[in-house]
Amino acid sequence: MREEEIEKLRGVVRDCLSKHLYSSAIFFADKVAAFTSDPADIYMQAQALFLGHHYRRAFHLLNASQIVLRDLRFRYLAAKCLEELKEWDQCLLMLGDAKVDEHGNVNDTKDCNVMYLDKEGEDREINISSALCFLRGKAYEALENRAQARLWYKAAIKADPLCYEALECLIENHMLTSEEEATLLSSLQFAPEDGWLSSFYSCLIKKYDKETVVEAKFTELEKQSCNINPSDPIICTLKNNTDLLACKAEYYHQCGEYQKCFELTKILLEKDPFHVKCTLVHLAAAMELGNSNELYLMACNLVKDYPHKGLSWFAVGCYYYCIKKYDQSRRYFSKAANLDGTFPPALIGCGNAYAAQEEGDQAMLAYRTAARLFPGCHLPTLYVGMEYMRTHSFKLAEQFFMQAKIICPSDPHVYNELGVVAYHMKEYNKAVWWFQKTLSHIPSSLSEMWEPTIVNLAHAYRKLKMYHEAISYYEKALTLSNRSLSTYAGLAYTYHLQDTFPLAITYYHKALQLKPDDQFCTEMLTMALVDEARRGLDPRNESR
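About the criteria used
Residues numbered from 1 in each chain as written. Predicted model: local features only at pLDDT ≥ 70, side-chain atom pairs only at ≥ 80, totals over all residues. Heavy atoms only, no water. Helix = DSSP H or I, 4+ residues; strand = E, 2+ residues; numbered from the N terminus. Rg over C-alpha atoms; globule rule 2.2 N^0.38 Å. Buried < 20%, exposed > 50% of the residue type's maximum accessible area, 1.4 Å probe, protein only. Contact = heavy atoms within 4.5 Å. Areas by Shrake-Rupley, 256 points an atom, 1.4 Å probe, with all protein chains shown as cover. Lys, Arg positive; Asp, Glu negative; His and termini not counted. Charge placed at Lys NZ, Arg CZ, Asp CG, Glu CD. Salt bridge = Lys/Arg side-chain N within 4 Å of Asp/Glu carboxyl O. Phe/Tyr/Trp six-rings, centres within 6.5 Å; stacked < 30°, edge-to-face > 60°. Lys NZ or Arg CZ within 6 Å of the ring centre and 35° of its normal. Expected span 1.5 Å × (residues − 1).

1. What to know about the overall build of the chain
Scanning the chain from terminus to terminus reveals 30 helices and four strands. Relative to its length of 544 residues, the chain is extended, with a C-alpha radius of gyration of 30 Å against a globular reference of 24 Å. Counting only residues that meet the buried cut, the chain has 48% of its 544 residues in that class. Of all intrachain contacts in the chain linking residues separated by at least 6 positions in sequence, the fraction that spans at least 24 positions is 55%. For the chain, the accessible surface area stands at approximately 27800 Å², while carbon and sulfur atoms represent 53% of it. In the chain, which carries 60 positive and 71 negative side-chain charges, the distance between the mean positions of the two groups comes to 3 Å.

2. A closer look at the pattern of salt bridges
Tallied over the full model, the rule gives 23 salt bridges. Across the salt bridge formed by E398 and K430, the nearest N and O atoms sit 3.4 Å from each other. With E398 in helix α22 (residues 394–407) and K430 in helix α24 (residues 428–441), the pair connects residues that are 32 residues apart, well separated along the chain. Sharing partners across several salt bridges, the network here consists of E3, E7, R10, R14 and D41.

3. Section: the packing of aromatic side chains
Taken as a whole, this structure holds 24 aromatic pairs when the rule is applied. Centroid distance F314 to F343: 5.3 Å. Interplanar angle 90 degrees. Geometry classified as edge-to-face. Of this pair, F314 sits in helix α17 (residues 310–322) while F343 sits in the loop between α18 (326–339) and α19 (344–356), placing them 29 residues apart in sequence. Taken together, a centroid distance of 4.8 Å and an interplanar angle of 70 degrees make the contact between W433 and W434 edge-to-face. By relative accessible area, W434 is classed as buried at 8%. An aromatic cluster is built from Y296, W313, Y319, Y320 and Y332, whose rings are joined through pairwise contacts. For R73, the ring lying beneath its charged end belongs to Y43, and the centroid distance is 4.1 Å. Here the guanidinium or amino end of R136 rests over the ring plane of W152, the centre of that ring lying 4.8 Å away.

4. What about helix α3 (residues 39–51)?
The terminal C-alpha atoms of α3, which comprises 13 residues, lie 18 Å apart, in line with the 18 Å expected from a rise of 1.5 Å per residue. The positive-phi residue at the C-terminal boundary of α3 is H53, with phi of around 70 degrees.

Here's what the structure looks like:
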C-alpha cells in the first residue's frame, strides 16, 4: 500500500474520531498500525480504543509496545487507561516515582531522557509534564492522600498555567488557603498573550479584597475583546461570559448582596441551565432569601436531570432546610456527601442541620470531617467554634476562631465571632477591637447583614461606659435596620444610664412596639418612668 493511501486511512481515522464513530476508528486504526508498525500509528490506535471505552485493550496495546516507557505520550495514555479502570496504585507506577516539593517543583531525573513525539496539527499544546502531574494528583486524591494530591496539582498548574483542571481541583476542593491561592497565582509563568487568563484566574480564587479592587478586576476582564474579522464592526468581549458572571454572582453572595446575586444567577441559568457553579451559587442565594419555591423547582429539575450527582440531592436538602424540616434536610445532605466526597457544601449543610436541632456532637463530627477533608476552607473550623460558643465553652471557641483566622485572615465573619466570644468573656476592650477589625474588613459598603456587628460594638462601648460612642453606633445600626429590638433596647438603656429619661422612655416604647411582651424593656420602662417622675418632684429641679 502506497504512503498516500496510508495517509488517507489516517485521515479516515481522525474523521471517525471527530464524528464519535469509535468502532470505525478502531477498525481502520488497527489496519493502519498493522501496515506501518509506526509508533505514531500505534498511539492513534490506542487513542481510538481509549475513546471507545476499551480501556483494558488500549492499555495492553500500549504496554506491549517497546516504546511505552520511553515516550511520555504512551506512558500518559497507559496511565489514563489505568485511571479509568480505577487501578490507582498501578497508575502511579506507570507514571513513575517522581518527587515534588512543598512549592510544586518536580524532581524527576528519569524523565529527562524520555522522548515525546509531537502531535501534528496543533498550534499549542498543554505541557505533557503538566498532564502527568495532574494525573498523579488525581490518583493520590482517589487514594485519599490529599496532601500529596495538593502538591501534584500545584506542580501541574506551575508546569503549565493552561492546565485549568489542576487549578479547578485546588479551588473547588479547598486545598489551599486564600493566601496560598494568591501566592500560587503570582508564581505562575504566563505567556505574554495570556494576560487575560491571569486576570480570569484571579477572579476564580477566594475574593476577600475591597469591593473597588474586585470590581476593577471584573471590569478589566469585561473589556477583553477579540475582533477576528477586521471588516466586522461587532467586537466580542467576555462581558456576558457565563463563567465570569458566575464569579461575580459568587462575590455578591459573599458580600451579603443576596437579592442582587439571586437576580444575576437567575438570568445566567436561563442562558445556561446546567452551569454547575452558577447553580450552586443560585441555591445559596435562594437559601439566604428563604425562597423555598425556587429551591423546590431547582431540586426537582436537578434530581430529574442528574440523579447521580451530589449537587442534585444537596438542592433537595436545601429545600427541606429552608422549610425547617431538618431531619429530611440532613438525610439528603448526607446522601449528597456520600455521592460526592469532594463537595464541601454537603458536609457543612449536614452539620448545620444537626446544629439547628441542637445536636452538637453530630454537628461537630460533620464540621470536623469537612475541616479535615478541605483544609483550605475556614468555614467548618468557624462553625466548630460557634458550636463551642453555643455551649459556653468560650476558650475553646476562641481557639477555633483563631484557627479559622489563620486559614482565611480576610473574612470579616471570623473577626465578628472573635468579638462576640471576647464580649461573652467580659473582655470588652478586646471585643471592641475585634468588632472594629470586622468593620475594616467588610469589602463593600455596610448593609443590613452587618447591623448585628454594629449593635454588638455599641453594646461593648456601653459596657466600657463610653456612652457617646455607644449611642453613635446604635444610631448607625438604625440606619441599616429599624426593626431590631436589640438596637432600640440598647439605645434606651444607654440613655437611661445617662439619666436622659425622656429619650430612654421613647426608645423603650419603640422596642416594645416590636415585641410587646419583652420582659427587660417592660421592667426598664417602668423604672425609667418612676425615675422621671421622681426627678419631676425633686425640689432642686423646680428651683431651676
